[in-house]
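Geometric and topological summary
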Amino acid sequence: MSADKRVLTFGKRLREVRKSKGLSQEKLAELAGIDRSYMSEIERGEYNISLLKLYQICDALEVEAKDLV
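Below you will find a few notes about this structure. Here the residue numbering is sequential within each chain, running from 1 through the sequence in written order. Per-residue local features are limited, in this predicted model, to residues with pLDDT of at least 70; the limit for side-chain atom pairs, both in listing and counting, is 80 or more; totals at the level of whole chains, interfaces and linings are taken over all residues. As a rule here, side-chain values come from all non-hydrogen atoms in the structure, and water together with hydrogens is ignored.

The next point concerns helix α3 (residues 36-43). Within α3, burial applies to Met39, Ser40, Ile42 and Glu43. One side of α3 carries all its buried residues, which in axial view fall inside an arc of 160 degrees. In this description a helix means any DSSP run of H or I spanning at least four residues, a strand means any run of E spanning at least two, and both kinds are numbered starting from the N terminus. At the C-terminal side of α3, Gly45 shows a positive phi close to 75 degrees. In this scheme, a residue with accessible area under 20% of its type's maximum is buried, one over 50% is exposed, and one in between is partly exposed, where area comes from a 1.4 Å probe on protein chains only. For this quantity, the arc is that covered by the directions from the helix axis to the C-beta atoms.

So this is what it looks like as structure tokens:
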């Protein structure tokens, strides 16, 4: 699988998990300490995020990194 495809797949999975937890994009961004517009771009697969951002998002969602990748 190409890197671009993986970034898109990650964004899609992130959106699914966020919605399953009943969180808005804005609320997740707030909990993770990430700008809402950046969170939107992550979910659309526009950014290959750092591990630090991954763990911030995982902590906010209360999931393990393996649940998103």
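Right, let's get into the nonpolar core. When a protein is soluble and globular, its nonpolar side chains tend to lie buried together. The biggest cluster of nonpolar side chains holds 19 residues, and the ones touching the most others in it are Leu14, Met39, Ile57, Leu61 and Leu68. Contributing elements (two or more residues each) for this core: α1 (3-20), α2 (25-32), α3 and α4 (51-61). Among the elements that make up this core, the one with the highest residue count is α4 (5 residues). Setting aside residues no more than four positions away along its own chain, Ile57 makes contact with Leu14, Leu28, Ala32, Ile34, Met39, Ile42, Ile49 and Leu68. Only buried Ala, Val, Leu, Ile, Met, Phe, Trp, Tyr and Cys residues count toward a nonpolar core, and they belong to the same one when joined by side-chain atoms within 4.5 Å. Note on definitions: a residue-residue contact is assigned when non-hydrogen atoms from the two residues lie within 4.5 Å.

Checked against the element boundaries, Arg18 lands in helix α1. The buried category is assigned to Arg18, whose relative accessible area is 7%. One polar contact links the side chain of Arg18 to the main-chain carbonyl oxygen of Leu23, over a distance of 2.9 Å. For Arg18, the contacting residues outside a window of four places in its chain are Leu23, Ser24, Gln25, Leu28, Glu43 and Leu61. Under this definition, polar contacts are N or O atom pairs within 3.5 Å; protein pairs additionally need one hydrogen-donor-capable and one acceptor-capable atom, and for neighbouring residues in sequence, both atoms have to be side-chain atoms.

Below, the discussion takes up α4. All buried positions along α4 are accounted for by Leu54, Gln56, Ile57, Cys58, Ala60 and Leu61. Taken together, the buried residues of α4 touch α1, α2 and α3. Taken from the residues just after α4, Glu62 is the one with a positive phi, measuring 60 degrees.

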